[in-house]
Amino acid sequence: MQPSLASKLRMALVMTLAVYPVVTLYLYVLMPLTPGWEMWQRSLLLVPAMATTIVLLIVPFIGKHFGGFIAGKKKAAA
């Protein structure tokens, strides 16, 4: 069964909120270490680090903590 548009949009929202601070942190670390480098050279370092962080840390965290929200499931009343 294909995910609905709503669940895809919720996933995009959660991914954006999770990835933005990590990219920003990586850029703050990378920029002083690479003065004078071209953008493509910095990207050559940033992209593998970011992809690894997303696959190994962010996606599992989102799945564990926000899976119900993304799927659109309501929590059962206690």
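Residues numbered from 1 in each chain as written. Predicted model: local features only at pLDDT ≥ 70, side-chain atom pairs only at ≥ 80, totals over all residues. Heavy atoms only, no water.

Peer 1: Could you clarify how one ought to interpret a nonpolar patch on the surface in this entry?
Peer 2: A grouping of Leu13, Leu17, Phe61, Phe66 and Phe69 is seen on the molecular surface, where their side chains present a nonpolar patch of about 500 Å² in accessible area. Going through the elements one at a time, α1 (5-33) and α2 (39-71) are the ones with two or more residues in the nonpolar patch. Ranked by residue count, the leading element in the nonpolar patch is α2, at 3 residues. As for its position among the elements, Phe69 is in helix α2. By relative accessible area, Phe69 is classed as partly exposed at 42%. (Patch = residues over 30% accessible without salt bridge, like charges linked within 9 Å, V, L, I, M, F, W, Y side chains within 5 Å. Areas by Shrake-Rupley, 256 points an atom, 1.4 Å probe, with all protein chains shown as cover. Salt bridge = Lys/Arg side-chain N within 4 Å of Asp/Glu carboxyl O. Helix = DSSP H or I, 4+ residues; strand = E, 2+ residues; numbered from the N terminus. Buried < 20%, exposed > 50% of the residue type's maximum accessible area, 1.4 Å probe, protein only.)

Peer 1: How should I be thinking about the nonpolar core in this particular structure?
Peer 2: A general tendency of soluble globular proteins is for nonpolar side chains to be buried together. By size, the foremost hydrophobic cluster in this structure holds 8 residues: Val14, Met15, Val19, Val22, Met50, Ile58, Ile62 and Ile70. Those elements that provide at least two residues to this core are α1 and α2. Apart from residues lying up to four places away in sequence, Ile70 is in contact with Ser7, Arg10, Met11, Val14 and Ile62. (Core = buried A, V, L, I, M, F, W, Y, C linked by side-chain atoms within 4.5 Å. Contact = heavy atoms within 4.5 Å.)

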